[in-house]
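# Survey of secondary and tertiary structure
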Amino acid sequence: MDGFTRKREMIQTVACFFVLKFSAFNLICRLRCFKIKVIKHCGTGSTDRQRGKSRNESVENSPVSEEELGETMASIRDVAIKAGVGIGTVSRALNGSGYISDETKQKIMQAVEELNYKPNELAQNLFHNKSGFIGIVVTNLSHPFMASLVKHVENNLYTNGYKCMLCEVGDNPNRIEEFVEMLQRNVMDGIICCADIPSSVSLAEIHRPIVMVDRYVAEGIPCVHSDHKRGGELAAQALLSAGCKNVIYFTSSATERGYSMDRYRRFAEVCKQHKCKVTAIDAGSKIPNFQTGSMIWKKYISHFDGIDGLFTADVTAAVCMKMLQKKGIKIPKKLKVVGYDGLDFTRFLTPELTTVRQNVPEIAKRSVDTVIRMIDGKKIEEMEQIVDVTFRKGESI
């Protein structure tokens with residue numbers, strides 16, 4: 001017997017053990033519940049025989065019906081008996097392994113439906129050597145872009161039969177290390193990561209399904225990101241077309257290891273090619289949000305003297321627009337603003353923000369499709385997938 005056969009038999013044995021253990025535990029719990037409810041129904045100190053009731057009448061009138069008990073106690077053996085096949089045949093039909101005729105499969109599925117049989121998910125995952133979970137790592141869940149990404153990733157995972165485990169890194173990069181260790185211990189089947197990986201973690205040596213979003217880590221690890229170079233061009237062209245001659249943009253060292261920095265590099269290149277003065281401001285090591293945005297504004301307010309154009313992420317743009325309006329600076333008459341991300345809330349700003357929109361649903365879909373292909377052992381043809389961006393005209397230019 002070779003190693004693969006022994007491993008397969010061991011997995012099947014463990015799976016059967018969990019199935020039997022779960023079924024026995026469930027049966028005991030239901031019988032205890034039935035006993036308690038029957039006692040409550042009949043009254044303390046009295047029996048069915050004293051009330052002149054038969055056993056059948058007692059069960060019929062009890063809060064737990066025979067139909068409910070039948071549903072609870074349905075097992076894979078019951079399905080096999082009803083369908084007139086062996087347990088192994090039922091197992092292959094439910095797990096999608098091995099050949100089964102359409103007629104036999106139809107009988108099995110009909111029996112499953114009639115008995116309301118619920119397969120043991122843990123046992124199935126053990127059989128396939130999977131956990132059924134995929135991890136999502138983000139930097140800051142309070143940021144609207146990250147929240148939107150998680151939403152769409154989770155929806156795609158659910159559609160493909162997976163559940164998600166969420167990790168918000170925040171100010172503790174060690175959380176990523178713990179998440180990767182969970183992946184190595186088979187607690188998860190894969191990871192979709194939208195955060196910088198600490199130097200203590202070498203993903204290239206792990207050889208497990210990992211997909212990066214907006215970040216390049218190492219050769220052999222797929223990455224999905226927006227066409228940020230095109231996004232920078234669109235933003236520059238919009239401000240230049242509006243007549244801007246002296247523009248400013250906010251960047252963040254928190255994204256310097258990601259592809260998102262390409263938007264600012266390309267933005268500056270296009271502006272300089274058209275003799276437009278460009279000022280770059282590093283907003284710090286944290287990705288700006290509504291809280292840090294006001295601090296950034298107070299720190300760099302003096303840099304806006306003589307500025308007629310601003311390019312930055314949507315959240316920072318919203319904060320700057322509010323502060324500029326408080327100072328009596330009219331947008332877009334005196335200063336024009338172009339955001340980046342295309343977040344939904346920007347439609348409700350006054351004036352509505354002109355922005356470059358990232359296609360978050362498509363980024364999420366490609367990330368999920370890629371990590372599932374890796375889990376299934378399929379070859380990944382495109383290690384770098386670039387998603388198109390679009391320009392959304394508002395009222396801020």
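Here the structure is a predicted model, which is why all the values come from computation and not from measurement.

With that out of the way, let us pick up the pairing of strand S1 (residues 133–138). In terms of residue burial, S1 counts as a mostly covered element, since five of its six residues are buried. Two strands pair when backbone bridges link them, and S1 and strand S2 (residues 163–168) are joined in this way by six bridges, in the parallel orientation. What sits directly across from Ile-134, in S2, is Cys-164. In this sheet, strand S3 (residues 190–194) lies alongside S1 in parallel orientation, the contact comprising five bridges. Each bridged residue has a counterpart across the sheet, and for Val-138 the counterpart in S3 is Cys-194.

Turning next to the pattern of salt bridges. Opposite charge on two side chains permits them to pair, given that their charged atoms come into close proximity. Applying the stated criterion across every chain yields a total of eight salt bridges. A salt bridge links Arg-215 to Asp-196; its shortest N-O distance comes to 2.9 Å. Of this pair, Arg-215 sits in the loop between strand S4 (210–213) and strand S5 (223–226) while Asp-196 is found in the loop between S3 and S4, placing the two residues 19 residues apart along the sequence. Of the residues examined, Arg-215 reaches a relative accessible area of 7% and is grouped as buried. Each member of the salt-bridge network shares a partner with another, and the members are Arg-230, Glu-233, Arg-266 and Glu-269.

Counting 27 residues, the largest nonpolar core has Ile-134, Leu-149, Val-153, Leu-157 and Ile-192 as its most contacted members. Per element, the largest residue contribution to this core is eight residues, and it comes from helix H14 (residues 360–375). Residues in contact with Leu-149, not counting those within four places in the same chain, are Cys-194, Val-213, Val-360, Ile-363 and Ala-364. Cys-244, Tyr-249, Phe-267 and Val-270 belong to the second largest nonpolar core, which has 23 residues in total.

In this section: the packing of helix H4 (residues 76–83) against helix H6 (residues 102–115). Between H4 and H6, the least distance of the axes is 9 Å, while the angle of their chain directions is 125°. By the angle between their axes, H4 is oblique relative to H6. Our pair here, H4 against H6, has a crossing hand that is right-handed. Here Asp-78, Val-79, Lys-82 and Ala-83 of H4 come into contact with H6, specifically with Lys-107, Ile-108, Ala-111, Val-112, Glu-114 and Leu-115. For the contact of H4 with H6, the per-class residue count stands at six nonpolar, no polar and four charged.

What the rule picks out here adds up to two cavities of 30 Å³ or more. Mapped by element, the contributors of at least two residues to the lining of the second largest cavity are helix H9 (174–184) and S3. Residue contributions to the lining of the second largest cavity peak at three residues, all from H9. Class assignment for the residues of the lining of the second largest cavity results in nine nonpolar, no polar and no charged.

Attention now moves to the confidence of the model for the chain. In regions of low pLDDT, the predicted coordinates are not meant to be interpreted in detail. Residues with a pLDDT of 70 or more make up 73% of the chain, whose mean pLDDT is 79. Least confident of the elements in the chain is helix H2 (residues 55–61), whose mean pLDDT is 39; most confident is strand S10 (residues 354–358), at 98. Contacts of residues 31–71 to residues separated by more than four positions or lying in other chains number 30 contacts, the stretch itself having pLDDT below 50.

Parameters and conventions
- Residues numbered from 1 in each chain as written.
- Predicted model: local features only at pLDDT ≥ 70, side-chain atom pairs only at ≥ 80, totals over all residues.
- Heavy atoms only, no water.
- Buried < 20%, exposed > 50% of the residue type's maximum accessible area, 1.4 Å probe, protein only.
- Helix = DSSP H or I, 4+ residues; strand = E, 2+ residues; numbered from the N terminus.
- Pairing = 2+ DSSP bridges.
- Salt bridge = Lys/Arg side-chain N within 4 Å of Asp/Glu carboxyl O.
- Core = buried A, V, L, I, M, F, W, Y, C linked by side-chain atoms within 4.5 Å.
- Contact = heavy atoms within 4.5 Å.
- Axes fitted to C-alpha atoms, helices over the stretch in contact; angles between N-to-C directions.
- Parallel < 35°, antiparallel > 145°, perpendicular 65-115°, else oblique.
- Left-handed = near helix turned anticlockwise from the far one by under 90°.
- Nonpolar A, V, L, I, M, F, W, Y, C, P; charged D, E, K, R; others polar.
- 1 Å grid on protein atoms, 1.4 Å probe; cavity = no way out; pocket = protein on both sides within 12 Å on 5 of 7 lines; lining within 4 Å.
- Points joined across faces, edges and corners; volume = space filled by probe spheres on them.
- pLDDT = per-residue confidence, 0-100.

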